[in-house]
Amino acid sequence: MTFAELVDRVASKGPFQFLHTVLLGLPILSMANHNLLQIFTAATPAHHCRPPPNASAGPWVLPMGLDEKPERCLRFVYPPNASLPNDTQGATEPCLDGWTYDVSTRDSIVTEWDLVCNSNKLKEMAQSIFMAGILIGGLVLGDLSDRFGRKPILTCSYLLLAASGSGAAFSPTLPVYTVFRFLCGCGISGITLSTTILSVEWVSTRMRAIKSISLGYFYTSGQFILPGLAYAIPQWRWLQLTVSIPFFAFFLLSWWLPESTRWMILSGRSSKALKTFRQVAAFNGKKEEGEKLSLEEIKLNLQKEITLAKAKHSIADLFRTPILRRVTFCLSLAWFSTGFAYYSLAMGVEEFGVNLYVLQLIFGGVDVPAKFITMVSISYLGRHTTEAVVLLLAGGCILSLIFVPSDLLTLRTVLAVFGKGCLSSSFSCLFLYTSELYPTVIRQTGMGINNLWTRVGSMTAPLVKITGELKPFIPNVIFGTIALLGGSAALFLPETLNRPLPETVEDLENWSVPCFWPHQSSSLGKPRAFPELSFPRSLQAKEPKQEPEAENASQRIPLQPCELGLGPN
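It should be emphasised that the depicted structure is a prediction, and the values quoted were computed from it without experimental measurement. (Residues numbered from 1 in each chain as written. Predicted model: local features only at pLDDT ≥ 70, side-chain atom pairs only at ≥ 80, totals over all residues. Heavy atoms only, no water.)

Chemist: Explanation requested: the overall build of the protein chain in the structure shown.
Modeler: Within the protein chain one finds 24 helices and four strands. The buried share of the protein chain, taken over its 569 residues, is 53%. Within the structure as shown, the protein chain displays about 25,300 Å² of accessible surface, and the carbon and sulfur contribution to it stands at 64%. (Helix = DSSP H or I, 4+ residues; strand = E, 2+ residues; numbered from the N terminus. Buried < 20%, exposed > 50% of the residue type's maximum accessible area, 1.4 Å probe, protein only. Areas by Shrake-Rupley, 256 points an atom, 1.4 Å probe, with all protein chains shown as cover.)

Chemist: What am I meant to see in the pattern of salt bridges here?
Modeler: Proximity of charged atoms lets side chains of opposite charge pair with each other. All chains considered together, the criterion is met by two salt bridges. Arg237 is paired through a salt bridge with Glu112; the nearest N and O atoms lie 2.5 Å apart. Placement of the pair is Arg237 in helix H9 (residues 236-244) and Glu112 in helix H4 (residues 109-113), with a sequence separation of 125 residues. (Salt bridge = Lys/Arg side-chain N within 4 Å of Asp/Glu carboxyl O.)

Chemist: When you look at the packing of aromatic side chains in this model, what are you seeing that I'm missing?
Modeler: The geometry of an aromatic ring pair comes down to the distance between the two centres and the angle between the two planes. In the structure shown here, the tally under the stated rule is 16 aromatic pairs. Ring geometry for Phe336 versus Phe340: centroids 5.4 Å apart, planes at 15°, classification stacked. Residue Phe336 and its partner Phe340 are both found in helix H16 (residues 322-346); the two are separated by four residues, about one turn of the helix. When sorted by exposure, Phe336 lands in the same class as Phe340, which is buried. Seen in terms of ring centroids, Tyr342 and Phe427 are 5.4 Å apart; in terms of plane orientation they differ by 80°. Their pairing is edge-to-face. Taken together, the residues span a long stretch of sequence, with Tyr342 in helix H16 and Phe427 in helix H20 (residues 409-437) at a distance of 85 residues. Clustering of aromatic rings is evident, with ring pairs tying together Trp335, Tyr342, Tyr343 and Phe427. Directly above the ring of Phe130 sits Arg181, whose terminal nitrogen or CZ lies 4.1 Å from the centroid. (Phe/Tyr/Trp six-rings, centres within 6.5 Å; stacked < 30°, edge-to-face > 60°. Lys NZ or Arg CZ within 6 Å of the ring centre and 35° of its normal.)

Chemist: How should the state of the cysteines be read in this particular structure?
Modeler: Think of a disulfide as a covalent bridge from one cysteine sulfur atom to another cysteine sulfur atom. As enumerated under the stated definition, the model contains two disulfides in all. Linked covalently through their sulfurs, Cys49 and Cys95 form a disulfide whose S-S length is 1.6 Å. Here the disulfide of Cys49 and Cys95 is left-handed, its torsion about the S-S bond being about -55°. Highlighted residues: Cys49 in strand E1 (residues 47-49) and Cys95 in the loop between strand E3 (92-94) and strand E4 (99-101), separated in sequence by 46 residues. Like Cys95, Cys49 is buried. The disulfide bridge from Cys73 ends at Cys117, spanning 2.0 Å between sulfur atoms. Note on the Cys73 and Cys117 pair: the S-S dihedral is about -100°, so by sign convention the disulfide is left-handed. Residue Cys73 is located in the loop between E1 and strand E2 (74-76), and its partner Cys117 is located in the loop between H4 and helix H5 (120-148); the two are separated by 44 residues in the primary sequence. Relative accessible area serves as the criterion here: at 16%, Cys117 is assigned to the buried category. (Disulfide = S-S within 2.5 Å.)

Chemist: Mind showing me how you'd approach the nonpolar core here?
Modeler: The nonpolar side chains of a soluble globular protein tend to be buried, and buried together. Formed by 85 residues in total, the largest nonpolar core has its most connected members in Phe40, Ile191, Phe247, Val327 and Leu331. For this core, the leading source of residues is H16, giving 14 residues. Listed in part, the 16 residues of the second largest apolar core include Tyr101, Cys117, Ala126 and Leu174. (Core = buried A, V, L, I, M, F, W, Y, C linked by side-chain atoms within 4.5 Å.)

Chemist: Can you help me understand the confidence of the model for the protein chain in this one?
Modeler: A low pLDDT score tells you not to read the predicted coordinates there in detail. A residue-level look at the protein chain finds 79% of positions with pLDDT of 70 or above and a mean pLDDT of 78. Scored below 50 in pLDDT, residues 513-569 makes 130 contacts in the model with residues more than four places away or belonging to other chains. (pLDDT = per-residue confidence, 0-100. Contact = heavy atoms within 4.5 Å.)

Chemist: What exactly am I supposed to notice about the packing of helix H17 (residues 356-365) against H20 here?
Modeler: Axis angle and axis distance: for two packed helices, these are the angle between their axes and the distance between the axes, and together they describe the pair. One can describe the packing of H17 onto H20 by two numbers: an axis separation of 9 Å at closest approach and a directional angle of 35°. You can see that H17 and H20 cross each other, and the crossing is right-handed. The residues of H20 that touch H17, namely those facing Leu359, Ile362, Phe363 and Gly364, are Thr413, Ala416, Val417 and Lys420. Residues that form the contact of H17 with H20 fall into these classes: five nonpolar, two polar and one charged. (Axes fitted to C-alpha atoms, helices over the stretch in contact; angles between N-to-C directions. Left-handed = near helix turned anticlockwise from the far one by under 90°. Nonpolar A, V, L, I, M, F, W, Y, C, P; charged D, E, K, R; others polar.)

What follows is the structure, encoded as structure tokens:
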């Protein structure tokens, strides 16, 4: 009996599952606010140089740029007590006395700390530091959750996000603000990791996909809430505080969540796991079934899983054989390009010249059909085709923005929204595809290293935007090209549709021919076998062969459990 079968037997359906989903989903709803918060708290309003204090009263005339619009970072040079000129000719100088902002709609960290002109790089740096927090938090908190359990890390992450988010609202300077935002990123990473594990543990194998998608839609719904909050609260400090305070409540509610029973069993706490099983069974009205479960039965039936889970593998195992090197390289490039291009569009809403609040609603709304279309596509067309197509389309959309004039706002917005939807689809597909490509013995290691790459991509994206100061089209060239490379790399990955999960490298090698390679037939009309490759023994027999019923349970159904679509966090 596998762990999933044990959960099915005790209590995999009932009021507990509904309550569990709500308790995990509400923080995800609010977490979307933090991921995309800087769209509004770091918005750059219209601005121009403040007149010198010794300038005489009169109309303020600004130099005109090459685009025939008033300069934002230059002003005319005026001698002391001189009158303002009535033309646009004359020597210019930087804004030595600061800037005047149009704060009729909202204020932001840009207006408070003058993050414009030569200092505009600091705005992008703040977002990169936030993404770095997500990266570091994943590395540190992931290891701590293996040592101390999923629930303690989840609870502490709620408190960390609540405290650091509130601290950012009271930051006196930009450096202090970036430190608190870094800690916010760490908290978000801890929430994502623990929620991903806990969300699918208490449901049957067939219900895992539904629960994962449900939590993914919590995140999507959060993207609808953020524009409304930002519109109602134009002060960035109050907005920052508003999206952070709820996590104090989530910190208290998390005490009602049970610890991961799988983790308790693997950590030698089988008696506590048995107690939790019985409590959940009683909550779902299956108290008698829970009482029948014994400690000896748990240890006996899960001995195989305990043995496999305790086998240690390193990152080096991902590169020991040709097939694993190919899978790891192609997946890493696909993950990096998805995170890299996604945040270039998601955080660049104000660049399209459309109402900030309306466009963010559209950007959030496109995820709804994107997730649905992805589910249908991966179920019928396959993972390989879906992943390659959506990345290639996203890259094409981003590159197309280079050739669309800036005054064609509608066309630019349509391309950006479509590209963002494709990248959301890429995230949804990659979580599933990656879990199906790596053998069981190194699956967790493979998932970890690929998630690392998407964090690196999201952290790098704001820095690449700075290159737009050299030439405006450079960022889109880089983002679009990388997305095309990621889609091309996906073409070299094998298809996993309707295939059992590989347990060893040998299993992966048996069906690892890329889908776009034509099957070569022998004279008898049967597919010609590819030559076998030798593999290290350490990767070939790490896990006993599955029992027939366990193997049937592992067959991949169209909608499989995957990590939350946060984020793409």
